[in-house]
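Per-entry structural report
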Amino acid sequence: MNTYEENPRKYKLIATVTFGLEAIVKRELLALGFEDLEVRDRKISFTGTARDIARCNTWLRTAERVYLEVASFKATSFEELFRKTKAIPWQDYLPADAEFPVQGDSYRSKLFSISDSQAIVKKAVVESLKEHYGVEWFPETGARYKLEVRLIDDIATITMDTSGAGLHKRGYRDRAGDAPLKETLASAMVQLSYWKPPRTLYDPFCGSGTICVEAAMWAKNIAPGLDRDFDSMFWPFVGDSIYREVRKEAFQAIKSDVKLHILGSDIDKRSILRARDNAANIGLSEDIQFFMKDMRDVDLHNDFGVVITNPPYGERIGEIKAVEQLYRDFGEKMLPLDTWSVYVLTSYGSFEKLYKKNADRKRKLYNGRLKVDYYQFYGPKPGSRD
């Protein structure tokens, strides 16, 4: 079954989220037309068809992955976990040549051994498929179906990862810097700001250019999943034909006529070369200007621009005194530009003190496993001083 019309079945889907970005992902799902969203820490549950799996993987900018929930049940013994897993109609999901690795997690559950739970689920799936396909051995040479068994408070939830590689893997970033900002977080930073064209957007510490590229993609409505594969593209009940339809629609939705004024600078030549390559890979070379220059020497006009940036912090450049001086200089640079809005992501706890201004709002977020704060300094709306 390779088309939406042939498989109208509704599935329970889960978009996993970096802690702190649940509201942004919820907003994206609502924009895609989904309703009855169940929001919890680090995940949002909803229902959708096979075509919706393709739409979510193609369009979600700030989610981590999209999972299909196969079953959820109580399991307080390995016998119960095996029996209930085996009872699932696995032939509806897995063909005879499927590759199906099993991952696991356990929290506050009697079945606390993750490796044993993984092994039990794997064995149960094999026994179920043996009975259906009438074979004793599975070569696992076909498409990949990554299974996960998660035990929380004695409830086992078994899911399939429809994405494969994380959704932050857009495909344009061939060359990343030493401390790359995840694309999903960069997009969230843009969406949490008040920037939109034709206002100037400037990243004075652009590194490999991720914030600038994500901003341009968002402004031009370029779907982040256009240039990569997903595991579910190769599943019979989803399939490549659905993805081709979704991608065709996504290409047609690109706003090519949007004019952008996006700037990115850095003192490192290699970073600027990476940034230019990354922009070129996604077809945005004409929309973003990357240049090598110290932010202290960049001429900025007081014209309601927006800074969105992830500056160096101790872990990245090592010299904490240099970081502190950089933040002081950054404040001296930006504070006189009182029509600008400034958004800064850093793990450095005393940023406001060095910047010499308290943020209008501060969000706790995570870049990978690193806890960071997103400082938001609001300037006036364009035209408010006319």
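Here we take up the pattern of salt bridges. Applying the stated criterion to the full structure yields 26 salt bridges. Here Glu148 ties to Arg150 by a salt bridge, and the two come within 3.6 Å at their closest N and O atoms. On the accessibility criterion, Glu148 (14% relative accessible area) is buried. Assessed through its relative accessible area of 36%, Arg150 is described here as partly exposed. Between Asp268 and Arg270 there is a salt bridge, with the nearest N and O atoms lying 3.9 Å from each other. Asp268 sits in the partly exposed class, given a relative accessible area of 24%.

A separate point is the side chain of Ser187. Inspection of the secondary structure puts Ser187 in helix 5 (residues 183-191). In this structure Ser187 comes out as buried when scored by relative accessible area, which is 1%. Dropping the residues within four chain positions of it, Ser187 is found in contact with Arg61, Thr62, Arg170 and Glu214.

Tracing the chain through its elements places Ala216 in helix 6 (residues 210-219). For the pair Ala216 and Asp287, spaced 71 residues apart in sequence, the C-alpha to C-alpha distance is 7.3 Å. Sequence-distant contacts of Ala216, that is, excluding residues within four places in its chain, are made with Leu260, Ile262, Leu284 and Ile288.

Another point: the packing of aromatic side chains. All chains considered together, the criterion is met by 20 aromatic pairs. Between Phe351 and Tyr375, the ring centres sit 5.1 Å apart and the planes meet at 40°, which makes this aromatic pair tilted. Highlighted residues: Phe351 in helix 11 (residues 351-355) and Tyr375 in strand 14 (residues 370-377), separated in sequence by 24 residues. Side by side, Phe351 and Tyr375 carry an identical accessibility label, which is buried. Cation over ring: Lys122 sits above Phe100, and NZ or CZ is 3.8 Å from the ring centre.

With that settled, the discussion passes to unusual backbone geometry. Cis geometry marks the peptide bond from Pro197 to Pro198, where omega comes out at 10°. For Pro198, the position within the fold is in the loop between helix 5 and strand 8 (201-203). Of note in this structure, Arg42 is not a glycine but carries a positive phi near 70°. With respect to the helices and strands, Arg42 occurs in the loop between strand 2 (38-40) and strand 3 (43-48).

Rules of the game
Residues numbered from 1 in each chain as written. Predicted model: local features only at pLDDT ≥ 70, side-chain atom pairs only at ≥ 80, totals over all residues. Heavy atoms only, no water. Salt bridge = Lys/Arg side-chain N within 4 Å of Asp/Glu carboxyl O. Buried < 20%, exposed > 50% of the residue type's maximum accessible area, 1.4 Å probe, protein only. Helix = DSSP H or I, 4+ residues; strand = E, 2+ residues; numbered from the N terminus. Contact = heavy atoms within 4.5 Å. Phe/Tyr/Trp six-rings, centres within 6.5 Å; stacked < 30°, edge-to-face > 60°. Lys NZ or Arg CZ within 6 Å of the ring centre and 35° of its normal.

Taken by themselves, the reported measurements are silent on function.
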